[in-house]
Each structure stands twice: as structure tokens, then as C-alpha cells.
Amino acid sequence: MSELGDMPAEDFRRYGYELVDWIANYFEHIGEYPVLSQVKPGWLRESIPASPPERGEDFAEVLKDVDRLILPAVTHWNHPNFHGLFSTSTSSVGVFGEMLTAAFDMKAMLWRTSPASTELEDVVLDWLRQMLGLPAHFEGIIYDTASVSTMHAIAAARERAGVKARDLGLSGRDDVPLMRVYSSEHVHSSIDKSVITLGLGLKSLRKIECNERFEMIPEKLAEAIDEDIENGYLPICVIPTVGTTSTSSVDPVDAIADICEKYGIWLHVDTAYAGSTAILPEFREHFKGWERADSIVVNPHKWLFTPFDLSVLYCKDLSLLKEAFSLVAEYLKTTEEVKNGMDYGIQLGRRFRALKFWFVIRYFGVEGLQARLREHCRLARLFASWVEADPNWEMMAPVPFALVCFRAVHEGIGDLDALNEQIMSEINASGEAYLSHTKLNGTFTLRLSVGSIRVEEKHLAKVWQLLNDRLESTIISGTQT
Ligand code: PLP
């Protein structure tokens, strides 16, 4: 270790090669790890000294501790049998992107401090826009997560509604009516968090009833808006979801866009999960009307093999976002006539996220990405066909993309919720596969998401076997009657 300065270049090279080998082995053998970490809460904290080392350590020792301490505490999102929540995974080229991003360590605030990040972001987001089939007037900006993208969209919607929250705030004012944001009852919790963060409060979020397919009912939305206007409230934003989190249901964006147009309300489409499938022409029907949106969020970190984090917010008029957030302190004033990323949100410094996504698009090509998404959707439908054909199981929701909602319904078992929860818990505890759940109309429902870049048909066959084995052993052992 040198007295001052960084690690010597020859050491960096040596450990760097070692680490790349480590990652290559990890990806090669990913299927052999337990999907869910098997450690107990507190294990890692107790295994690591509570105080930092006084003297620098040999980096070889640190790398050994990755195997000894970190790896057991990893839940492997890249595992082909990770089917919980939404199955998301990184590609190897995405990892290369992160390596270089860390090496450049640029803070994309001003064009001047980060020309590569600022301009590549625009190029890559325009590529994605074309891939998704969105009109040319949509301009994008990258944030870390959909939660943050949506929060910015609602803030812009609030400004456009004329509330002047940017300058006047909301507190101490009696001229501001209750503002309303509308979404379906199946909306992601990030919308609730956005209204909390923006000082609108949960009271401002009105959740609209869904039909039996878990899709927002546009007539109920129109009724709610009429009622709110009559009460003197101010509707500012409607958020339909294409690919809801619980079931991946699709709100009817086109009919909702009609309503937004009629009342002049901001339309923000949350398609954080399913948006990627718009690169498949045969899936575009699900997105009908999204071209009429004021803003759209889509997450390449969910289903375009780009390592977390990278969320894209497209806006019909990005200047509204700038009006809501731009604030240029003296030390940030520059002379170039350029786009400065810091003007479009709450962050000053921004990571060079576009690089990894650029790598992914160039390495796989549009065709390669389409082929992988198509296969995931095929596998999900295949799994659904096994469920449908077996009287011990039933489907709980349609499968528009690659998420299957289902449950065990074995005759003679009284408490089906408990049965399904037990099956899920046992599979997850085994480390063989990871499933998650939701509740649909109060009923415990298993969710199986297919989205890993490494998933193949054999992995789904394995889950199906596990499910049936668990069901059989539960029935035989009589723990659920
Ligand atoms: N919106 C939808 C529909 C989601 O499914 C999710 C996460 O699964 C989010 C938003 C939040 O995504 P993020 O983790 O990027 O904030």
C-alpha cells in the first residue's frame, strides 16, 4: 500500500482481473446459489467489526471477506429462479458500464462537468423512445428509480395546475384547495410516497375502482373528478398503470387520456415494469393512448437487463420540469447554451447512468432485446397453461406480460390462504426458487414473475415441480385441513 495517493496501478490491474474472473464465475454458477439469502437478520452486522480498521488492509483479505461474509448475505436477483416481486437482472455488459461509470466518477450536473453523460443520455433516451414507438416530441431524463421519476412528474403537474408551489410553497396558504391525484386501487406504493413527499398528503390520492381484470374503470374516474370539482378540489394528475405491480393489469390509457383532455389534467403513465415490452410491436396494443400522455415512466433496470438503477421519465414538454426545478446558484453559472441535467430535478450531481444502457442496447441490439422479452412472455404463458390444465391450481388474473398470478385450490382444504402462504414460505426458505405474493380481492395469491436474462424453460419446470411437491407434502402431512 502506498503512503499517499491511490492503490498502485499494478495492484489495481491484478485485483481487477481477479474481480472480473470472480464475476464471470458468479454469473456462470449463479443457479447453484440459494436464491434467497439463508442468513438470519443481524448475522452480517455481528460478523463484521463494529469499528473501522485503523490501518489499511491487504485488499486480498477484503476480497476473501466478500466470499466469507458478503456472499452468504446476498439474495441473488440474477438467479434464474428469482421469480418474486418483478424478476429483474443485469447483463454482463451492464456490469462493464457500471465499472466505467465508477471509474469516470463524473457528476452530471452541468454539461461542462459531464459532456459525455449529458449528451449520451439524450442519444440513448431518443434510441429508447424510437424502440418504444413513442412520438418524437417525447424527451427523456434519467433518474434513479420510478419512485423518483413519478415524484418529479407530479411536481411538474402541480406547477402546471397553477398552484405556484415552487415559489409560494403550500404551508400557510388558504388559497390552495385540496389537490387530487388519481390512480387505480392497484397503483404502486411509490405514488402514495410521492404525494407524501410533495406535501400533498395521502388525502390527495384518490384511488379509483377496478373491474374484475384489475383495470381502472374510466367511468368511475370521470365520476370522481366531477365530484371533486363540485367540492372545490383541484384535480392535478391522473396516473394509469400499464403493468400494475400486483397483477400486471393494464389500465385503459386511451379512455383515461380522453378524460384528462376534457378536464385539462396531467396524464402520467406508470409503466415502470411493462413499458419495456413496447419494443415488441405485438404488445403495443396495451399502450394505446400513451402517446397522449404528459409524462411516462419506464424502467430499463427492471426489464432491459440494465443494472439497477436507471429509470426514464419521458415528458411531452420537458421545459415544464425545468420550470419546476431549475435553480442556478452563482457557482453553477456557465456560458454554454446547453442542456444541464441539474435543471430537471432535485439532484445536483447525477450518475453517468446512460453508459451502461448504451452498452446494453449496442451489445444485444433491438432484435436481441425483443427476442429475450418475447421468450419471457412465452415462458410465463407456458407456466400459466400448466396452472390452467391442473385442477389443483387456478389462475387468479390474466397474463398480459410475464407475470403469473395463481394459487393452489386443492379440494378438502379449508384455509386456502394459509395453504398457499405455507407453500410459498417453504419454497422460499429452501433457496431453490423465490416467489412472492399479493392479495386479490382479499385472497392470498402467488406471483411468479419471469424476467431474468438467464431464465430458461427448465427453470419454470423446476418451480412447477417444487409447487406440486410442496402441495402434495402439505396435504399428506395434513398440516392444512
Ligand atoms: N411502478 C410500478 C408499476 C412498479 O411495479 C414499481 C416497482 O416494482 C415501481 C413503480 C417502483 O419502481 P422503483 O423501484 O424504480 O422506484
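The preceding data block contains the structure.
None of the values given here were measured: they were computed from a predicted structure. Residue positions are given per chain, counted from 1 along the sequence in the order it is written. Where local features are concerned, this predicted model is filtered to residues with pLDDT of at least 70; where side-chain atom pairs are given and counted, the filter is 80 or more; whole-chain, interface and lining totals use all residues. Only hydrogens and water are removed before side-chain values are computed, so all heavy atoms of the structure are retained for them.

J.: Help me understand the nonpolar core, please; the structure alone is not making it clear to me.
T.: As a rule of thumb, nonpolar side chains are buried together in soluble globular proteins. With 95 residues, the main nonpolar core has Tyr314, Phe383, Trp393 and Leu467 as its most contacted residues. Two residues qualify as a contact provided that any one of their heavy atoms is within 4.5 Å of a heavy atom in the partner residue. Excluding residues within four positions of it along the chain, Phe383 makes contact with Val404, Phe406, Leu448, Leu460, Val463, Trp464 and Leu467. As used here, the term nonpolar core means buried Ala, Val, Leu, Ile, Met, Phe, Trp, Tyr and Cys residues forming a set that is joined through side-chain atoms within 4.5 Å. Buried residues are those whose accessible area, probed at 1.4 Å on protein chains only, stays under 20% of the maximum for their type, while exposed residues exceed 50% and partly exposed ones sit between those limits.

J.: What is the right way to read a negative patch on the surface from this model?
T.: The patches described consist of residues with a relative accessible area above 30% and no salt bridge, like charges being joined within 9 Å and nonpolar side chains (Val, Leu, Ile, Met, Phe, Trp, Tyr) within 5 Å. In this description, accessible areas are obtained by the Shrake-Rupley approach with a 1.4 Å probe, and a residue is regarded as covered only by the protein chains that are shown. Definition used for salt bridges: Asp or Glu carboxyl oxygen within 4 Å of a side-chain nitrogen of Lys or Arg. Only four residue types enter the tally: Lys and Arg on the positive side, Asp and Glu on the negative side, with His and both chain ends excluded. A single reference atom marks each charge: NZ on Lys, CZ on Arg, CG on Asp, CD on Glu. Together, Glu185, Glu209, Glu219, Glu223, Asp226 and Glu230 make up a region of like negative charge exposed at the surface. Where helices and strands are cited, they refer to DSSP runs of H or I of at least four residues and of E of at least two residues respectively, numbered from the N terminus. Inspection of the secondary structure puts Asp226 in helix α9 (residues 218-230). The class for Asp226 is partly exposed, based on a relative accessible area of 37%.

J.: Which parts of the structure should I look at to understand the environment of Leu448?
T.: Mapped onto the secondary structure, Leu448 falls in strand β11 (residues 443-449). Along the backbone, Leu448 and Leu304 are 144 residues apart, and their C-alpha atoms lie at a distance of 18 Å.

J.: Explanation requested: the sheet that holds strand β10 (residues 436-440) in the structure shown.
T.: Think of a sheet as strands paired side by side through backbone hydrogen bonds, with each pair either parallel or antiparallel. Only when DSSP finds a minimum of two bridges between them are two strands counted as paired. With antiparallel pairing, the four strands of this open sheet are ordered in space as β8-β9-β11-β10. Only two strands of the sheet have a single partner each, and these edge strands are β8 (393-395) and β10. Averaged over all pairs of adjacent strands, the angle between strand axes in this sheet comes to 40°, irrespective of strand direction. Pairing between β10 and β11: five bridges, direction antiparallel. By the bridge assignment for β11, Thr438 is matched with Thr445. The axes used here are C-alpha line fits, helices contributing only the stretch in contact, and every angle between their N-to-C directions lies in the interval 0 to 180 degrees. Packing against the sheet, helix α13 (residues 354-389) makes contact with β8, β9 (403-408) and β11, and its axis sits at approximately 20° to β9. Contacts from helix α14 (residues 416-430) reach β8, β9, β10 and β11, with the element oriented near 30° to β11.

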